[in-house]
Amino acid sequence: MDFISENLLTILILIPVLGALTTLGYQIFLKQESLLKWVALVSTLVTFALSLILAIDKGTASSSGFFFEENVPWIRAINTNYHVGIDGLSLWLVILTTFIMPIAILSSWNAVEKRPAAFYIFILLLESALIGVFVSLDLLVFYLFFEASLVPMFFLIGIWGGENRIYAAVKFFIFTAVGSLLMLVAIIALYYLHAQAAGFGTFDFVTILNTIRSGNLSFTGDMWNTGVLLFFAFALAFAIKVPIFPFHTWLPDAHTEAPTAGSVILAAILLKMGTYGLMRFNFTLFPEASREFAPLFIVLAVIGIIYGALVAMVQPDMKRLVAYSSVAHMGFVILGMFSFTELGMQGAVYQMLTHGVSTGALFLLVGFIYERRHTRAISDFGGLSNVMPIYATIFVITTMASIGLPFLNGFVGEFLVMIGMWQSQALTITEGVNWNYVATMFAGTGVIFAAVYMLWLVQRVFFGKVTNVKNKVLTDLSWREIGLMAPLVFLMVYMGVYPRPILETTKEPVIAIQQRVMGQAGGTVAEVIEKDQ
């Protein structure tokens, strides 16, 4: 057990890779395609089971405030280490990743006929990269995992996607790759700036952060412009990934053309890489620039909330509607983050998790009906509650969670975000006007619009008479599909009724980041823990 606990994060990264290699071996040597899905499923289930240890027994935090920390030399010539660790911010994102992956594989159990080995290999490699992103504490290692996640998703969309899959895959690749390359330039610049300030170059996030906190490396005064450029180099990469308006145009195409498993992973996990990166790196490394440009991000967040909701309202395709709803929901995450209040930032982290559960569930449900009818056009349906009552019931529950109905998960995050934004001092543009109130009220309209487009979708798809003959012979959800939805529905209710375990875990890192970005004393998780004790 000591070996597992000391190397748990590395084990979580490697198990999916080993599963991918095993899948490849089965394909090459045994040629037993029927076993491939089982190898992939077992790999993801083992990874999920082990990831629960992170929440059950965190042990003692290191001096930097991270748990399960591993820090070993990797490339000595450039002084970069394999440095990984988690705190309350990354903990639940890792568990969300390992939780969603078995569901993604089961969702494609009978749907993948073309190159099944490659399909499962890409999903497993994607899981490994995503876990790596959320646990990396070395900027170069983070960048490598960040880029590695791009490749499997590109192939998942490009090979197993819909009619316009090549266009969607290339667009996804170009958008995210351009932003990532700018971040790489900023990471290299930080390396040399640290070398000038401290006498040695490093990519280690904790070391760079400590040097900045000590004042030896500062992005104020003469270095202000440099800090702004570095801030936006990081922010652009993450803004594209979220995506923040107006960098969202790749998302609807990628979601619409991706296979069901790809859409679920994209919505539930990949988008969170952007919001996680902003909180972890932009807020802590460049707090002054974060405060200075918070109004810009708040305005873009509010535009994204309203724009995403209005565009979703007029979509004729179910999957595209859910895709635009993601733009609106992630706008709430950005709004809460840049409120720089504890409640707002807590709500943003919670909204990341709730969006992963509810929107991932919506993409699953759209995938179920597509497998039966091979169409996602809303006009092709109607009266489905008469022939698919179980499907209709689960869809309505998921819809209510997505809207933010009290006692379901979507309510908690959005409520905390709006309270936090209401109390915020980040949106100071002109004297005498409480712009934080204005931003909160405009964001609140997004909740109303969400009810409009989601309930209108439910009305058109499930109620009324069955007018299309093809819909009369549809079969309700199978036991496999019910089993897929059961844990997601459970989480929608549990997270809506009892958010305390998650909020208590995320409190310390959120306060540490808030203190850091607001220029207050403290700014590390370790100091917050010590203060609480």
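Here, the structure is the one placed above.
Conventions we followed
Residues numbered from 1 in each chain as written. Predicted model: local features only at pLDDT ≥ 70, side-chain atom pairs only at ≥ 80, totals over all residues. Heavy atoms only, no water. Phe/Tyr/Trp six-rings, centres within 6.5 Å; stacked < 30°, edge-to-face > 60°. Helix = DSSP H or I, 4+ residues; strand = E, 2+ residues; numbered from the N terminus. Buried < 20%, exposed > 50% of the residue type's maximum accessible area, 1.4 Å probe, protein only. Lys NZ or Arg CZ within 6 Å of the ring centre and 35° of its normal. 1 Å grid on protein atoms, 1.4 Å probe; cavity = no way out; pocket = protein on both sides within 12 Å on 5 of 7 lines; lining within 4 Å. Points joined across faces, edges and corners; volume = space filled by probe spheres on them. Nonpolar A, V, L, I, M, F, W, Y, C, P; charged D, E, K, R; others polar. Contact = heavy atoms within 4.5 Å. Polar contact = N/O pair within 3.5 Å; in protein donor to acceptor, adjacent residues only side chain to side chain. Expected span 1.5 Å × (residues − 1). Core = buried A, V, L, I, M, F, W, Y, C linked by side-chain atoms within 4.5 Å.

Help me understand the packing of aromatic side chains, please; the structure alone is not making it clear to me.
The geometry of an aromatic ring pair is captured by the separation of the ring centres together with the interplanar angle, meaning the angle of the planes. For the structure on display, the rule yields 37 aromatic pairs. With a centroid separation of 5.6 Å and 35° between ring planes, the pair formed by Phe142 and Phe146 is classed as tilted. Residue Phe142 and its partner Phe146 are both found in helix α6 (residues 139–148); the two are separated by four residues, about one turn of the helix. We note that Phe142, like Phe146, is buried. Geometrically, the ring pair formed by Phe234 and Phe238 is tilted, given 6.3 Å between the ring centres and 40° between the ring planes. With Phe234 and Phe238 both in helix α10 (residues 224–241), this residue pair falls four residues apart, about one helical turn. Given a relative accessible area of 0%, Phe234 falls into the buried group. Among the aromatic side chains, those forming a connected cluster through ring pairs are Phe142, Phe146, Phe205, Phe219, Phe234, Phe238, Phe281 and Phe286. The ring of Trp109 has Lys37 sitting right over it, with the charged end atom 5.0 Å from the ring centre. Geometry around Tyr370 places Arg376 over its ring, the cationic atom sitting 5.0 Å from the centre.

Explain the layout of surface pockets here, please?
Taking a probe equal in size to a water molecule and rolling it over the atoms shows the remaining empty space. Its boundaries defined by the atoms lining it, the largest pocket holds a volume of some 570 Å³. Lining the largest pocket are 26 residues; nearest its centre among them are Ala111, Trp160, Pro259, Thr260 and Tyr370. Elements that contribute at least two residues to the lining of the largest pocket include exactly α7 (150–160), α11 (250–257), α12 (260–285) and α16 (342–373). For the lining of the largest pocket, the element with the highest residue contribution is α16, accounting for four residues. Looking at the lining of the largest pocket residue by residue, the class counts come to ten nonpolar, nine polar and seven charged. Roughly 370 Å³ of internal volume is contained in the second largest pocket. The wall of the second largest pocket is formed by 15 residues, among which Trp92, Ile95, Leu491, Met495 and Ile502 lie closest to the centre. Broken down by secondary-structure element, the contributors of at least two residues to the lining of the second largest pocket are α3 (36–56), α4 (88–107), α16, α21 (479–497) and α22 (500–517). Partitioning the lining of the second largest pocket into residue classes produces 15 nonpolar, no polar and no charged.

Help me understand the environment of Tyr82, please; the structure alone is not making it clear to me.
Tracing the sequence through the fold places Tyr82 in strand β2 (residues 80–86). Along the primary structure Tyr82 and Leu139 are separated by 57 residues, whereas in three dimensions their C-alpha atoms are 10.0 Å apart. Once residues within four sequence positions are removed from consideration, Tyr82 is found in contact with Thr10, Ile13, Glu70, Asn71, Val72, Trp74 and Val141. There is a polar contact of 2.8 Å between the side chain of Tyr82 and the side chain of Thr10.

Just to check I follow, could you spell out α10 for this structure?
Note that an α-helix has 3.6 residues per turn; residues three or four places apart therefore point the same way. Between its terminal C-alpha atoms α10 stretches 26 Å, which fits the 26 Å expected from 18 residues at 1.5 Å a residue. Buried within α10 we find Gly227, Val228, Leu230, Phe231, Ala233, Phe234, Ala235, Ala237, Phe238, Ala239, Ile240 and Lys241. Taken together, the buried residues of α10 touch α6, α8 (165–198), α11, α12, α13 (287–292) and α14 (294–313).

What should I look at first to understand the nonpolar core in this one?
Among soluble globular proteins, nonpolar side chains are generally buried collectively. Residues Ile265, Met279, Met337, Phe338 and Leu488 are the most contacted members of the largest nonpolar core, which totals 192 residues. Among the elements that line this core, the one with the most residues is α12, at 16 residues. Setting aside chain neighbours within four positions, we find Leu488 in contact with Phe99, Ile100, Ile103, Val357, Ala361 and Leu364.

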